[in-house]
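Residues per chain, in single letters:
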Amino acid sequence: MANLMISTEPDEMQSLRAVAVVQAAATGQEVDLAATGQELLRGALASKLAELGLRWNPSPEAIEKHTSRAARPDGPVARLMKTDRARRYATSALAVAVLILLWGGYGQGWAWTGFQGNNQLWDWLHLLLLPVLVGTLPLWIQHPEYMSPTRRMAYLAAGAAFVALVVAGYLVPLNWTGFPGNTLWDWLELVLLPIAVISAPFLLSVLHSLRPHHKWAIASVAVAWVLTIIGGYTWGWAWTGYQGNTFWDWLGLLLLPLLVPTVLLSTALRWVSGNTPNASHQGGTKAPRAAGNTATAR
């Protein structure tokens, strides 16, 4: 066992108290600042070790190996990419390359790009939806406090513009969007798995932080979805695309988005890392329990 004295600033102590109080209210347990601080410290250590490529409770040999690797001087490319100007140049060059590919694929008929066979917005949604969500949605979920009101309004405006485009795509119709002919079933196939994969790690914390209007919104969406199911099968709403889809088809639609984030990803993570969910074992050696350390906040 080891004793560790940690001094904290008032704002850090208040933040720790907030986490402890909210967690205690959610679990029905008593507020325990020390246990909460130990839990947060343990999680931060595990995250930082993983970021550095180290496993929990690393051996002295592993520490020495990673230390020597980190002490090596960066190569010229790595040093260059650490500068803001180089990153801006690289981003600009990538944008120009993408524009050239689009021009050549659609305008000049470069068959090797494959763009001519995928010339609708629907095709690009299939290609880009998951990468875009992977890169942005976790930031929105984890750090909403860093999003300025201007950015929030910009995102809301972009979302409203996309909804307007979807409506116009069906009503006008705009054939270049690829939306006409795609039913609600097709949209569910497009969005369910990416959203489930990205939001699953944050689902528990998000559920604890739901406000009444959030719950009402979720309930409204659920009721509307049930209504589309009833309308699709009972009243013949063709736009839902539900008719002809059996219970087996629904399993194929819903089972993968449920299993991938809740079971498969967590199992794969434990298998790859060699750790139990709480990283309590590492190479046959038990990681030190948080209760074994003493942390005093001042």
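Values in this document were obtained by computation on a predicted structure and should not be read as measured data.

This next bit is on the side chain of Asn 245. Here Asn 245 is to be found in the loop between α10 (212-234) and α11 (247-273). Among the polar contacts listed, one links the side chain of Asn 245 to the backbone oxygen of Gly 241, at a separation of 2.6 Å. In this structure, Asn 245 is in contact with Trp 185, Tyr 233 and Trp 250, ignoring residues within four places of it in sequence.

Counting six residues, the largest nonpolar core consists of Trp 122, Leu 125, Val 166, Phe 179, Trp 187 and Leu 190. Of all the elements in the fold, those that place two or more residues in this core are α6 (121-142) and α8 (184-199). With five residues, the next largest nonpolar core counts Trp 185, Leu 188, Trp 250 and Leu 253 among its residues.

Attention now moves to the confidence of the model for the protein chain. Taken over all residues, the pLDDT of the protein chain has a mean of 76, while the share at 70 or more is 72%. Per-element averaging of pLDDT across the protein chain places strand β2 (residues 281-282) at the bottom with 42 and α10 at the top with 87. Under a pLDDT of 50 for its full length, residues 276-298 has, in the predicted model, 48 contacts with residues more than four places off or in other chains.

For helix α3 (residues 60-71), with 12 residues, the first-to-last C-alpha span of 16 Å sits near the 16 Å given by 1.5 Å per residue. Little of α3 is tucked away: one of the 12 residues are buried.

About the criteria used
Residues numbered from 1 in each chain as written. Predicted model: local features only at pLDDT ≥ 70, side-chain atom pairs only at ≥ 80, totals over all residues. Heavy atoms only, no water. Helix = DSSP H or I, 4+ residues; strand = E, 2+ residues; numbered from the N terminus. Polar contact = N/O pair within 3.5 Å; in protein donor to acceptor, adjacent residues only side chain to side chain. Contact = heavy atoms within 4.5 Å. Core = buried A, V, L, I, M, F, W, Y, C linked by side-chain atoms within 4.5 Å. Buried < 20%, exposed > 50% of the residue type's maximum accessible area, 1.4 Å probe, protein only. pLDDT = per-residue confidence, 0-100. Expected span 1.5 Å × (residues − 1).

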